[in-house]
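As a plain string of letters, each chain reads:
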Amino acid sequence: MTKIGLEIHSQLTNLESKLFCSCKANYREFEPNTNICPICMGLPGSLPRLNQKAVEKATMIAMALNCSTPEKIAFFRKNYFYPDLPKNFQITQLNIYGDTSVGGGGILMVGEKKIRITRIQLEEDPGRLIYEGSSEKNQITLVDYNRAGTPLVEIVTEPDFENPKEVREFLNILSDLLENIGVSDPRLEGAMRADANVSIEHGNKVEIKNIGSFHDLEKAVHFEITRQQSLHSRDIPIIQETRHWDDKRKITISSRSKEEDLDYRYFLEGDIPWVRIGNEIKEKLKSEMPESISSKKQRYISKYNIPSQVADVLSSDKFYSDLFEEAHTQENAKEIANIITTDLMGLVDTREKRESSKLTPSHLKAIADSIQFGKIARNSAKNALYEIVRTGKSLSDIMSDLDLGNLSDESELSKIIESVISEEPQAVEQAKSNPQTINYLVGKVMQKTKGKADPKLTLDLLKKKI
Ligand SMILES: [Zn+2]
């Protein structure tokens, strides 16, 4: 049986400052090496101070993943030399004196399948290496320490996955969960990275390191299973090793450095005392925990009669559910859910589009109400939504700018209906004997009015006139 385990690194992107100093957590906004200080550079004499909010967010993740959380947590030094690590050690967590990481022993359900969470630990991210130059010969490596010391949570699973599809589903559910509880924005570049352990039956475990996208991770796991099966079928032993994903060639390659043989000389970080996380803090965090995605989904279905598939899309994306929560009433909930999951989705499918979108919940409410009261046709509402996302103008302004309002003036509509009746004598005869075929005539009226005729009024008038 194939066994796959994951180690996921998720940045806590919603924090103000780094894990042990007051430099900004949002390192992306800075020129290289300007978001640094003596603490995150590890200069002699500097002392780290633990960011309490980071501990709270990490504990929230542990709670949301049904982990047990210890009374006290501790930090350790993981010693190694690498250019992106200015201190020559990383401050992280380790369970050698009992359980002192922020959480462990959790569970996350992927459909019917239980994925066990081994451990959750809080640690600092290293800096970034940037490679420049076109060929290997003239390549230079630059280092940017802006990221060094930013808060990172590592989530380690048991090897409970059996195929790449389960891995992908788990990562989607996990990233939705992290976004929902407000600890991380998975859409930010580099916010989530993962390592995967892959082994097939009777084979050694192979680790694939540092993959930056879910899509690539799924591909890498798939490639690795195929590679191992191919070796096994030819009686070639599978070596226990660390491999890297080459995203240009779409293959895994053996790492030259034998990272698994490194001795990290872990020891307790003496500059940070053990931190007590008492029941009062845990209770406070529990009370601050937002409604879970599954509970939202159930509520949307039972309270508003929203179809399960629509409720699924709506609840799992925080951007959508936040819009929905603010815009909906009992009456228009279904309509708003429908607008968000059909017309809006394509307009705000990237982080950039979401940031530049001018749409507010009150816009959504206005559109849904106008559709329900027959003031605008669905197709016109779609065009209006596009304009609102782009310009932020009010629905009524856009309707008059683009002439999108429904044709509900009875005398004007009557004239159009009469012309359709005279142009379609056969269809009129048919509609007299078989009332269901009247929809053909409604369609003709819609054609003539470019979809702006009020459908209910059109039908009423047609019935009267035939
Ligand atoms: Zn700093």
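Reading the values: the criteria
- Residues numbered from 1 in each chain as written.
- Predicted model: local features only at pLDDT ≥ 70, side-chain atom pairs only at ≥ 80, totals over all residues.
- Heavy atoms only, no water.
- 1 Å grid on protein atoms, 1.4 Å probe; cavity = no way out; pocket = protein on both sides within 12 Å on 5 of 7 lines; lining within 4 Å.
- Points joined across faces, edges and corners; volume = space filled by probe spheres on them.
- Nonpolar A, V, L, I, M, F, W, Y, C, P; charged D, E, K, R; others polar.
- Pairing = 2+ DSSP bridges.
- Helix = DSSP H or I, 4+ residues; strand = E, 2+ residues; numbered from the N terminus.
- Axes fitted to C-alpha atoms, helices over the stretch in contact; angles between N-to-C directions.
- Contact = heavy atoms within 4.5 Å.

Take empty space enclosed by the protein next. A probe matching the size of a water molecule, rolled over the atoms, marks out where space remains unfilled. Taken as a whole, this structure holds one cavity of 30 Å³ or more when the rule is applied. Approximately 50 Å³ is the volume found for the largest cavity. Lining the largest cavity, in full, are C40, L85, P86, K87, F89, E124, D125, P126, A148 and G149. Taken together, the residues that form the lining of the largest cavity break down as six nonpolar, one polar and three charged.

An order of β4-β3-β14 is seen for the three strands of this open sheet, with the pairing classed as antiparallel. Every other strand in the sheet has two partners, leaving β4 (89-92) and β14 (267-268) as the edge strands with one partner each. In this structure, strand β3 (residues 76-79) lies alongside β4, joined through four bridges in antiparallel fashion. Note that in β4 the partner of R77 across the bridge is I91.

With that settled, consider the sheet that holds strand β12 (residues 241-246). With mixed pairing, eight strands are arranged side by side in an open sheet as β5-β6-β9-β1-β10-β11-β12-β13. Strands with a single pairing partner mark the edges of an open sheet, and in this sheet they are β5 (103-110) and β13 (251-254). Here the strands of the sheet are splayed against their neighbours by 30° on average, with no regard to which way each runs. Along the sheet, helix α1 (residues 52-64) makes contact with β5, β6 (113-124) and β9 (151-157), crossing β6 at roughly 170°.

Take it as geometry only, folks, not as evidence of what the structure does.
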